[in-house]
Amino acid sequence: MNVSGPHIDWMAISPLVALVGGACVVLLAGLVRAPFVRRTLVPLLTLAALGATAGLAIATWGDNVSVISDAMAMDDLTLFLCLVFVAAAACTVLLSWRAVAPREAGHGEYYSLLLTVVLGMVVLAGATNLVTIFIGYELLSVPLYVLCATEMRRATSLESGLKYLIIGSVGSATLLYGLAFVYGATGATNFGEIAAALDEVSTDVLLLTGLALVVTGLAFKASVAPFHQWTPDVYEGAPTAITAFMAVATKAAALGVMVRFFDVAVIGAWDSWAPAIAVLALVTIVVGNVGAIGQSSLKRLLAYSSVAQAGYMLAGVVVATQLGARAVVFYLAVYLFMNIAAFAVIVAREREAGVGDDISSLYGLGADRPLLAWPMTIAMLALAGFPATAGFFGKVYLIGATVDNGYAWLGVAIVVGSAISLAYYLRVVAAVWMRAPETRPAVGGGVPRPAIAGGSQEADASTVPAERPRIVQPEVVALAVVCAAATIFFGVYPEPLLDLAHDAGAVLTGLF
């Protein structure tokens, strides 16, 4: 008996091949001892691999094919999310260029793990089989556990990696049990076959239990309340560049597979799972926005913000419509620009201010560093949903999707949550523009003089500014400016992204 493997469309999976090849090349290049190779060539090779992946994704746009015996769909939705993952990884490379983590973990290992995470995300986003979902989930998760702990001389980084490992393992086990229950109820692992089998088992207890466990497993990864408890601690402890990557790309991967699984495989049981996910979205919006109000750490604040944002995007999954899917993928793209702009400023100030990611690191930024002040301001206003920013249009489309499909109360929750979020987003803006830089005693023991009229402090020999010497980091400043400009551009002229989101959502033909 002749046994042959499945036909492989190499052109269709070429973005995956580029990531695998890039990870191998970067890992081998990192073994070279020359400092120039480790510190400069390895990041450049990583960017080249990401550029090749993006180019191949663009080249195969519109093909919309299933590969490897229908285990994956390399369609416009997968490719759109692939471009989001690649852009987030490229931003992470720039934020990591002068960071401590690549030096301590090994440049080759650090960037190779980053490329492997992107590979797992693309596999997860394109999964059309229960087995492929779990492979992508683990391929994404395991390298990310390591990346969170790459600042090995800092206890909080190691703690972050350990916490993420433990919580992530629980999420993986929960997801696996859920996938097994879905298979047990339907007798199939392929999404199309599962959808066909739902006519007979849409209210089966085994299926509903499996769906509940699948939601729980993916909710851990997407930081959906009440499965978000790990998020603030892990975001705060991980290297800031990795935190930025997790906040954007990991959320995009989790929500991407949610869109495909719930709006394709189990769309026939929509009446059963949609109300439960809608309640999760509401709880997530409330918990994320209320939890962020009392935070003084910018990374913890953005962690809770990401929880709230996950609630907004989950609303697009709930409605199971073309508009909802397009709104989710559009918001994931603009969320990239908003978040990276904010995290780029945090990275720059962590290296300069000497107070870590505390909100006080932004004091006086408006007067001293306008190239950092404006990106942070634009990012905060966009996350809050102010008009003329991309975040505003993203929320409008999500609200429209909920109202059009009988979930108007969820649209109201998005509006109320956005109003609550002003309490902490505007506090960051006030720190940038309305607070004077803090001073601290000099080594000799002097005491800072009180603030004078106008909010400034008069310096003398007994005081020194809290600032460290300004570090030249043009790639970080440029990244903040570019992402802030993109946030404004797509807020004024969103059509290019909307067209791409339209193509991505159009592949989900079974929606309402």
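A brief look at the structure comes next. (Residues numbered from 1 in each chain as written. Predicted model: local features only at pLDDT ≥ 70, side-chain atom pairs only at ≥ 80, totals over all residues. Heavy atoms only, no water.)

### Concerning helix H18 (residues 408–433)
Logical step 1: End to end, H18 covers 37 Å across 26 residues, agreeing with the expected 38 Å (1.5 Å per residue, within 8%).
Logical step 2: Of all the bends found along H18, the most pronounced is centred on Leu422 and spans about 35 degrees. (Helix = DSSP H or I, 4+ residues; strand = E, 2+ residues; numbered from the N terminus. Expected span 1.5 Å × (residues − 1). Bend = angle between axes of the 7 residues up to and from the residue.)

### Some remarks on the state of the cysteines
Logical step 1: Enumeration according to the criterion identifies zero disulfides in this entry.
Logical step 2: The structure places no disulfide on Cys91, whose sulfur is separated from the nearest cysteine sulfur, that of Cys483, by 4.7 Å.
Logical step 3: Given the relative accessible area of 11%, Cys91 is considered buried.
Logical step 4: Of all cysteine sulfurs in the structure, the one in Cys91 sits closest to Cys148, which takes part in no disulfide; the separation is 18 Å. (Disulfide = S-S within 2.5 Å. Buried < 20%, exposed > 50% of the residue type's maximum accessible area, 1.4 Å probe, protein only.)

### Describing the side chain of Lys299
Logical step 1: Following the sequence through the fold, Lys299 ends up in helix H13 (residues 298–319).
Logical step 2: Within the buried set, Lys299 has no salt-bridge partner at all; the shortest N-O distance to an opposite charge, 4.2 Å, is to Glu350.
Logical step 3: Here Thr240 takes part through its side chain, which lies 3.2 Å from a polar atom of the side chain of Lys299. (Lys, Arg positive; Asp, Glu negative; His and termini not counted. Salt bridge = Lys/Arg side-chain N within 4 Å of Asp/Glu carboxyl O. Polar contact = N/O pair within 3.5 Å; in protein donor to acceptor, adjacent residues only side chain to side chain.)

### Observations regarding the layout of surface pockets
Over the atoms, a rolling probe the size of a water molecule traces out where space has been left empty.
Logical step 1: Estimates place the volume of the largest pocket at around 490 Å³.
Logical step 2: Forming the boundary of the largest pocket are 31 residues, of which Glu151, Arg154, Pro239, Thr240 and Glu350 lie nearest the centre.
Logical step 3: Taken together, the residues of the lining of the largest pocket sort by class into eleven nonpolar, six polar and 14 charged. (1 Å grid on protein atoms, 1.4 Å probe; cavity = no way out; pocket = protein on both sides within 12 Å on 5 of 7 lines; lining within 4 Å. Points joined across faces, edges and corners; volume = space filled by probe spheres on them. Nonpolar A, V, L, I, M, F, W, Y, C, P; charged D, E, K, R; others polar.)

### Description of unusual backbone geometry
Logical step 1: The linkage connecting Ala225 with the following residue, Pro226, adopts the cis geometry, with an omega of 5 degrees.
Logical step 2: Structurally, the position occupied by Pro226 is in the loop between helix H9 (205–222) and helix H10 (230–237).
Logical step 3: Positive phi, close to 60 degrees, is recorded for Asp70, a residue that is not glycine.
Logical step 4: Residue Ala320 is not a glycine yet carries a positive backbone phi of 55 degrees.
Logical step 5: Relative to the elements of secondary structure, Ala320 occurs in the loop between H13 and helix H14 (322–353).
Logical step 6: Among the residues examined, Ala320 registers a relative accessible area of 0% and is labelled buried.

### Observations regarding a nonpolar patch on the surface
Logical step 1: On the surface, Val279, Leu282, Val283, Val286, Val290, Ile293, Trp409, Val412, Val416 and Ile420 cluster together into a nonpolar patch covering about 770 Å² of accessible area.
Logical step 2: For the nonpolar patch, the secondary structure elements donating two or more residues are helix H12 (270–293) and H18.
Logical step 3: Among the secondary structure elements, Ile293 is positioned in helix H12. (Patch = residues over 30% accessible without salt bridge, like charges linked within 9 Å, V, L, I, M, F, W, Y side chains within 5 Å. Areas by Shrake-Rupley, 256 points an atom, 1.4 Å probe, with all protein chains shown as cover.)

### Thoughts on the packing of helix H17 (residues 390–404) against H18
Logical step 1: With their axes 6 Å apart at the nearest point, H17 and H18 run at an angle of 155 degrees to one another. Between H17 and H18, the crossing angle belongs to the class labelled roughly antiparallel. Considering how the two elements wind past one another, H17 and H18 form a crossing that is left-handed. Contacts between H17 and H18 involve Lys395, Leu398, Ile399, Thr402 and Val403 from the former and Ala408, Leu410, Gly411, Ile414, Val415 and Ser418 from the latter. (Axes fitted to C-alpha atoms, helices over the stretch in contact; angles between N-to-C directions. Parallel < 35°, antiparallel > 145°, perpendicular 65-115°, else oblique. Left-handed = near helix turned anticlockwise from the far one by under 90°. Contact = heavy atoms within 4.5 Å.)

### Quick word on the packing of aromatic side chains
Logical step 1: For the structure on display, the rule yields 19 aromatic pairs.
Logical step 2: Their ring planes at 20 degrees and their centres at 4.8 Å tell us that Tyr164 and Trp230 sit as a pair that is stacked. Linking Tyr164 in helix H7 (residues 155–186) with Trp230 in helix H10, this pair joins segments that are 66 residues apart in sequence.
Logical step 3: Three or more aromatic residues link up through ring pairs in this structure, and these residues are Tyr145, Tyr164, Trp230 and Tyr235.
Logical step 4: The cationic tip of Lys221 hangs over the ring face of Tyr137; the distance from NZ or CZ to the ring centre is 4.9 Å.
Logical step 5: A cation sits over an aromatic face here: Arg435 above Tyr363, 4.2 Å from the ring centre. (Phe/Tyr/Trp six-rings, centres within 6.5 Å; stacked < 30°, edge-to-face > 60°. Lys NZ or Arg CZ within 6 Å of the ring centre and 35° of its normal.)

### Here we look at the environment of Leu44
Logical step 1: Within the secondary structure, Leu44 sits in helix H2 (residues 35–59).
Logical step 2: Owing to a relative accessible area of 42%, Leu44 belongs among the partly exposed residues under this scheme.
Logical step 3: Taking the C-alpha atoms as reference, Leu44 lies 33 Å from Thr128; in sequence the two are 84 residues apart.

### Examining the pattern of salt bridges
Logical step 1: Taken as a whole and assessed by the stated rule, the structure comprises ten salt bridges.
Logical step 2: Of the charged contacts, one joins Glu352 and Arg369 as a salt bridge, the two residues approaching to 2.6 Å between their closest N and O atoms. Residue Glu352 is found in helix H14, and its partner Arg369 is found in the loop between helix H15 (365–368) and helix H16 (370–384); the two are separated by 17 residues along the sequence.
Logical step 3: Relative accessible area serves as the criterion here: at 1%, Glu352 is assigned to the buried category.
Logical step 4: Assessed through its relative accessible area of 11%, Arg369 is described here as buried.
Logical step 5: Salt bridges sharing common partners tie together Glu159, Lys163, Asp233, Glu236 and Arg300.

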